[in-house]
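Chain residues, written in single-letter form:
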Amino acid sequence: MISLRDVRFTYGKGGFSLHIPELFVASGVRAAAIGPSGSGKTTLLNLISGIERPASGEVSTAGARVDQLSPSARRSFRITNIGFVFQQLLLVDYLDVLGNVLYPYRLHSDLRVDATVRSRARRLAEELGLGNLLGRLPSELSQGERQRVAIARALVTEPPVVLADEPTGNLDPAAKHKALDLLFEQCDARSTTLLMVTHDHHLLDRFSQVVDLDGWGSPEPMTP
Amino acid sequence: MKDSLYLAWRYLRHHEVKTLLLVLSLTVFLALPLVMRSMSRAMQQSFLARAEGTPLLLGQKGSSLDLVIEALYFQRKDVEPVKKADVDAIQSTGLGMAIPLRTGLRTQGFPLVGTSLAYFDLRKLRIEKGRGLALIGECILGSEVAEVLELGPGDALLTSPSTLFDLAGVYPLKLDVVGVLEPTQGPDDAAVFVDLKTAWVAEGLGHGHEDLARADADLVLRRQGDTVTANAKLVQYNEITESNRESFHFHGDAASYPVSAVIVVPHDEKSATLLRGRFVDAPTLQIVRPAQVVDSLNAQIFRFERVLQIVVWTVGLATAVMFVLVMALSWKLRAEELRTMTRLGSSRWKALQIMTSEVALMVGASALLAGLVGVLMARYGEPWVQTLILRSS
């Protein structure tokens, strides 16, 4: 579940500002966030995940008041509760497929790589068609394969929420649908809430909820 | 920490060329002072050990260091020779034993040393193959000479002419190899030993030829009393064999024949003092304690080592700056990776941990390699220094 109420956020002094009157995405729902460039789509994901803290308002993600958490608690919350799929994928070039899938486990003391985690990572990779590519480096994979690695990395910690920032932006239409199929399939199987930023309006009918951010963001600071 | 080390290790493995170069640079930085110190110590010890095994050294007045280097390491320093009479004079004092050394000639690139049998006892040189010197024209090879030239008892080798362009000069002498010495890890390994008389023959002071009494009349230019002058057709021997050994002879007074240096082994400390006293005011001779000469040389080496240390630290500083620069640039290039880490939920502390782990792994590997170099230097430094510096002339 994702819930934002009367959230205000400003980048620096006199920079971009965002006001979200109300946003609610129920558990297990696939939601798309749309809006023109500069409307605050990426900022929205940052607020939901706790990367950014709002100036005011309430941000609840997976049952936690993210806006009230300390920076350290927000990091801990993020790595255990949020799965990310980035537009540039941002895979680690020196780790193989399995290493990339397990990457979140290497970054925080709250997570530990053990036999169960390894087995889960392998199963996830198998389900995403990466079973025979586990030892390959990202540079040895196709764009579609890299996309699947990014999805596996987002899901490996079994987060209740997955945030995807235009993850299909660099794919051709067929690959886009295939990637979405896999992402939806995995999220549905785990009842994971998915919020995906996209520019592609042709994909919207595949989502059960669409959040239009048009008019929420402003290049100038807003007055309350 | 385990995960940070894992990520650091994977990164370093992936960028193996860069890692290898950095590790090697750091190894040089860490090993250089060790190597320099080991070499300096090995050099000093090597000098001192041989010098301490040589109680006194008699030679022509001049540089005592050149005298010691020529007599102990057979490196050609062109020291003025003393006379065979000086050897006899020392011997006749009854204060010690005189061991003559004639150096300066070379054979197949190795120094040819003319000496007496007492030299082998003094240096505790043992015959590994064959036998010791017995007759004029024979030679014994140091272990390295035998190995390099692939020679052994029963073989022969030629002395090198002093100059290739002097047709009237000294011709090479064919020497019979009768023995090979056990290795000593010292200059004796790289020398060819002959009897003092053989050395004189090799340098043209003694020679052998056809018996003029029985030679053809057309060979004789002039007869005047006991002196017979022959023309150039007279066969000169370039090899000392059983059949011509008797024909080898020396002209002039043997007492005036040259000896490069004389090792003097006094019977006791008192004899040593008396001997030194006798040569204090000698106009043309000097008697030195090689250990004292080497001590002063070691002091120079130590001073030079301190200068080198400054150079090493400067190189070290440059290496450290380069290392920091490479690491800083590397992390700048990895800014995206750091951002991804932060977005996923990692702290800056974690990034610092990974960075520190990378540095620690590289420094650790370099320290290990430098340590290995240090151990190798401690074990093999002295023979290496012997080969590299002391035996090269």
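Just above, that's the structure.
These notes cover the structure that comes with them. Within each chain, residue numbers correspond to sequence positions counted from 1 in written order. Here chains are named by letter from A upward and ligands by number from 1 upward, in the order in which they appear as written. Side-chain atom pairs in this predicted model are given and counted only at pLDDT of 80 or more, local residue features only at pLDDT of at least 70, and totals for whole chains, interfaces and linings cover all residues. The side-chain numbers reported here are obtained from all heavy atoms of the structure, hydrogens and water having been left aside.

**Some remarks on the pattern of salt bridges**
Residues and elements named next belong to chain A.
Thinking step 1. Salt-bridge detection follows one rule: a side-chain nitrogen of Lys or Arg within 4 Å of a carboxyl oxygen of Asp or Glu. This structure, assessed with the given rule, holds 17 salt bridges over all chains.
Thinking step 2. In this structure, the salt-bridge partner of Arg5 is Glu22, at a minimum N-O distance of 3.5 Å. Of this pair, Arg5 sits in strand 1 (residues 2-10) while Glu22 is found in strand 2 (residues 17-25), placing the two residues 17 residues apart along the sequence.
Thinking step 3. Among the ionic pairs, Arg30 bridges to Asp188, the shortest N-O distance being 2.5 Å. Of the two residues, Arg30 is situated in strand 3 (residues 30-34) and Asp188 in helix 7 (residues 173-189); the sequence distance between them amounts to 158 residues.
Thinking step 4. Each residue gets one of three labels from its accessible area relative to the maximum for its type: buried under 20%, exposed over 50%, partly exposed in between, using a 1.4 Å probe on protein chains only. For Asp188, a relative accessible area of 38% translates into the label partly exposed.
Thinking step 5. Several salt bridges share partner residues, and in doing so they unite Glu58, Arg65 and Asp67 into one network. Labels follow the DSSP assignment, with helices taken as runs of H or I lasting at least four residues and strands as runs of E lasting at least two, numbered in each case from the N terminus.

**Description of empty space enclosed by the protein**
Thinking step 1. In this analysis, the protein atoms alone were mapped onto a 1 Å grid. Cavities are point sets where a 1.4 Å probe fits without being able to get out; pockets are open sets with protein on both sides within 12 Å along at least five of seven lines; lining residues have an atom within 4 Å of a point. Grid points are joined across faces, edges and corners, and a volume is the space filled by probe spheres set on the points. Across all of its chains, the model carries two cavities of 30 Å³ or more by this definition.
Thinking step 2. Put simply, the largest cavity is a space of about 60 Å³.
Thinking step 3. Looking at the largest cavity, the residues that line it are Ile79, Ile82, Gly83, Phe84, Pro104, Arg153, Ala154 and Thr157 of chain A together with Leu344 of chain B.
Thinking step 4. For the lining of the largest cavity, the elements supplying multiple residues, two or more each, are strand 6 (82-85) and helix 6 (143-155) of chain A.
Thinking step 5. Partitioned by chemical class, the residues of the lining of the largest cavity number six nonpolar, two polar and one charged.
Thinking step 6. Forming the boundary of the second largest cavity are Glu70, Phe74, Gln75, Arg76, Thr103, Gly104, Leu105, Arg106 and Pro111 of chain B.
Thinking step 7. Three classes are used: nonpolar for Ala, Val, Leu, Ile, Met, Phe, Trp, Tyr, Cys and Pro, charged for Asp, Glu, Lys and Arg, and polar for all others, with Gly counted as polar. Of the residues assigned to the lining of the second largest cavity, the class counts are three nonpolar, three polar and three charged.

**Digging into helix 2 (residues 16-52) of chain B**
Thinking step 1. A helix is expected to span 1.5 Å multiplied by its residue count minus one. An ideal rise of 1.5 Å per residue puts 54 Å on 37 residues; helix 2 of chain B measures up with 50 Å between its terminal C-alpha atoms.
Thinking step 2. Along helix 2 of chain B, the sharpest change in direction is near 40° and occurs at Ala31 of chain B; proline Pro33 of chain B comes one to four residues later. Here the bend at a residue means the angle between the axes of two seven-residue stretches, the one that ends at it and the one that starts at it.

**A few points about helix 8 (residues 269-279) of chain B**
Residues and elements named next belong to chain B.
Thinking step 1. All of the buried residues in helix 8 are Ser271, Ala272, Leu275 and Phe279. The arc enclosing the buried residues of helix 8, seen along the axis, measures out at 100°, which places them on a common side. Residues of helix 8 that are exposed and point more than 90 degrees away from the buried face comprise Glu269, Lys270 and Thr273.
Thinking step 2. Note on contacts: a residue pair is in contact if any heavy atoms of the two residues lie within 4.5 Å. The inward-facing, buried residues of helix 8 abut strand 1 (56-60), helix 4 (84-93), strand 15 (261-266) and strand 16 (285-288).
Thinking step 3. Between the side-chain oxygen of the N-cap and the backbone nitrogen of Lys270 there are 3.3 Å, and the N-cap of helix 8 in question is Asp268. Of all possible arcs, the one meant is that of the directions from the helix axis to the C-beta atoms. In protein, a polar contact requires one atom able to donate a hydrogen and another able to accept it; more generally it is a pair of N or O atoms within 3.5 Å, and residues adjacent in sequence count only if both atoms are side-chain atoms.

**Some words on the interface of chain B and chain A**
Thinking step 1. Each side of the interface is counted separately: chain B has 19 residues, and chain A has 22 residues.
Thinking step 2. Across the interface of chain B and chain A, roughly 2,100 Å² is buried in total on both sides, 58% from carbon and sulfur atoms.
Thinking step 3. Scanning the region where chain B abuts chain A turns up two salt bridges.
Thinking step 4. In this structure, the salt-bridge partner of Arg10 of chain B is Asp96 of chain A, at a minimum N-O distance of 3.6 Å.
Thinking step 5. Where chain B touches chain A, the interface holds seven residue pairs in polar contact (both at pLDDT 80 or more). Once two parts are put together, the accessible area they lose, assessed with a 1.4 Å probe and summed over both, is termed the buried area.

Geometric descriptors of this kind do not, in isolation, establish any biological role.
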